[in-house]
Amino acid sequence: MTTLQQAIAQTKIEGHKAFIPYIMAGDGGLETIKPTILKLQQLGVTAVEVGIPFTDPVADGPTIERAGERALAAGVTLRKVLQTLASFREEITVPLVIMTYFNPVIAYGLEAFAQACIAGGVKGIIVPDVPLEESGILREALNPYSIDVVQLVSLTSPPERIARIAAASQGFVYAVTVNGITGERSNFATNLEQHFAHLRQASPIPVLAGFGISTPEQVKSMGMLGDGVIVGSAIVTALHEGKMATVEALIAASKNVYEKSTLY
C-alpha cells in the first residue's frame, strides 16, 4: 500500500471521506505556499494537490487558469515550487500530489524531477495531458522513488478502458465527474452513481471524485459515490479572496460521512 493509499485508508478508519484540496502554487507569490499547506494540513485534509502554473492548461477552467496566470506573472516555475516545498519538508505531515503538464517535467528532466519531488515530500503526480498509453515513461521514472502516477478516468470511458486505467493508476483513481474542464458546477450527469459503481468494482485502489465540486453539499454527495473528493476551483477562489471559513466548511463536509469502517 502506497503512502497515498495509506492516507486515504486512514480517513476511512476514522469514519471520514478523503478530502484533497487543490491549490495553485504561487498564486500570491511563492511565499504563500508554506502557510497555505501548513494551514490545510492543520484543518485535517488527507493530502494536498499542488498545481503548477502552465501557459497552456488544457484541463483547467477559468478560475484555475487565472490563478495560474497570476502565479506565472509572479515568476513561479516547477523548479521554484519544488525548491520551496523542500525548504519546509520537515513540517509537512500530509502527502503532496503535484498536478502539472508534461512539458515542464520533460524540461526539468525526469530523473532530476523525481529527486526534487522526493526532497519536497511529493508522493504522487497527476499529468492530465499524458494519456494512459504514454504514461509508462512516468511510472518508470517515478516508481523507483515510491511516487505514484495517478490516472484520470472520464465519464465517457468505455468499460474496457476503465478497467485498464484502474489497473494502471497508483495511489487513487481520479474520477472526473463532468465532461469538460475544471470549474464550479451546479448540475452533474445523471448516470454518476452507475459510473462510480462500475469504476469502484473495477478498481483495486481508492476512487476519488473531482472536477466541479464546489459546495459542502456536493462534497457530501460526491464523496458518498467513492472514497472521497478533490476540490479545486472553490478552494482556489476562497484562498485568493482570503475566505478561509469557506475552505474550512468544505473540509468539514467530508468528516463523519459514514460510520467507522475496516480497510478496503
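Fair warning: this is a prediction, and the values are worked out from it, not measured in the lab.

Participant: Describe helix α1 (residues 3-13), listing the residues and the values that go with them.
Facilitator: Taken together, the buried positions of α1 are Leu-4, Gln-5, Ala-7, Ile-8, Ala-9, Thr-11 and Lys-12. Considering only its buried residues, α1 is in contact with β1 (18-24), β3 (96-99), β4 (122-126), β5 (148-153) and β7 (207-210). Gly-15 occupies a position one or two residues after α1 and carries a positive phi of about 85 degrees.

Participant: Before we move on, could you go through the packing of helix α4 (residues 78-87) against helix α6 (residues 110-119) and cite the residues and values that matter?
Facilitator: For the pair α4 and α6, the least separation of the axes is 8 Å and the interaxial angle reads 30 degrees. Taken together, α4 and α6 sit at an angle that is classed as roughly parallel. Contacts between α4 and α6 involve Leu-78, Leu-82 and Ala-86 from the first element and Phe-113, Ala-116, Cys-117 and Ala-119 from the second. Taken together, the residues of the contact of α4 with α6 sort by class into seven nonpolar, no polar and no charged.

Participant: Lay out the pattern of salt bridges in plain terms, naming residues and giving numbers.
Facilitator: Counted according to the given criterion, the structure contains six salt bridges. For Arg-70, the salt bridge goes to Asp-27, with nearest N and O atoms at 2.7 Å. Separated by 43 residues along the polypeptide, Arg-70 in helix α3 (residues 62-73) and Asp-27 in the loop between β1 and α2 (33-42) bring together distant segments of the chain. The class of Asp-27 is buried, set by a relative accessible area of 16%.

Participant: Summarise the nonpolar core; cite the residues concerned and give the values.
Facilitator: Core analysis: the largest hydrophobic core is formed by 88 residues, its most contacted members being Leu-82, Leu-85 and Phe-172. Excluding residues within four positions of it along the chain, Leu-82 makes contact with Ile-98, Tyr-108, Phe-113, Ala-116, Cys-117, Gly-120 and Val-122.

Participant: Give me the lowdown on the UniProt feature "active site" (unreviewed entry) in the protein, citing residues and values where you can.
Facilitator: The UniProt record annotates "active site" (unreviewed entry) at Glu-49 and Asp-60. If you trace the backbone, Glu-49 turns up in strand β2 (residues 48-51). Glu-49 sits in the buried class, given a relative accessible area of 4%. Residue contacts for Glu-49: discarding those within four places in its chain leaves Ile-20, Pro-21, Tyr-22, Ile-23, Val-97, Met-99, Ile-126, Tyr-174 and Ile-230. Turning to its location among the elements, Asp-60 is positioned in the loop between β2 and α3. In this structure Asp-60 comes out as buried when scored by relative accessible area, which is 7%.

Participant: I'd love a proper account of the sheet that holds strand β8 (residues 228-231), names of residues and values included.
Facilitator: Read around the barrel, eight strands follow the order β1-β2-β3-β4-β5-β6-β7-β8 and close on themselves; strand pairing throughout is parallel. For this sheet, the mean inter-axis angle between neighbouring strands, taken without regard to orientation, is 25 degrees. Alignment of β1 against β2, held across three bridges, turns out to be parallel. By the bridge assignment, Ile-23 is partnered in β2 with Val-50. Sheet strands in contact with helix α9 (residues 192-202) are β5, β6 (173-176) and β7, and its direction is about 145 degrees off that of β7. Strands β1, β7 and β8 of the sheet are contacted by helix α10 (residues 216-225), whose axis makes an angle of about 135 degrees with β8.

Participant: Just give me the short version of unusual backbone geometry, but keep the residues and values in it.
Facilitator: One non-glycine residue, Ser-146, adopts positive backbone phi at about 60 degrees. Relative to the helices and strands, Ser-146 is located in the loop between α7 (136-142) and β5. A residue is classified by how much of its surface remains accessible, and Ser-146, at 54% relative accessible area, is exposed. One non-glycine residue, Phe-211, lies in the positive phi region at around 85 degrees.

Thresholds, definitions, all that
- Residues numbered from 1 in each chain as written.
- Predicted model: local features only at pLDDT ≥ 70, side-chain atom pairs only at ≥ 80, totals over all residues.
- Heavy atoms only, no water.
- Buried < 20%, exposed > 50% of the residue type's maximum accessible area, 1.4 Å probe, protein only.
- Helix = DSSP H or I, 4+ residues; strand = E, 2+ residues; numbered from the N terminus.
- Contact = heavy atoms within 4.5 Å.
- Axes fitted to C-alpha atoms, helices over the stretch in contact; angles between N-to-C directions.
- Parallel < 35°, antiparallel > 145°, perpendicular 65-115°, else oblique.
- Nonpolar A, V, L, I, M, F, W, Y, C, P; charged D, E, K, R; others polar.
- Salt bridge = Lys/Arg side-chain N within 4 Å of Asp/Glu carboxyl O.
- Core = buried A, V, L, I, M, F, W, Y, C linked by side-chain atoms within 4.5 Å.
- UniProt positions renumbered as here; feature names shortened; annotations may be inferred.
- Pairing = 2+ DSSP bridges.

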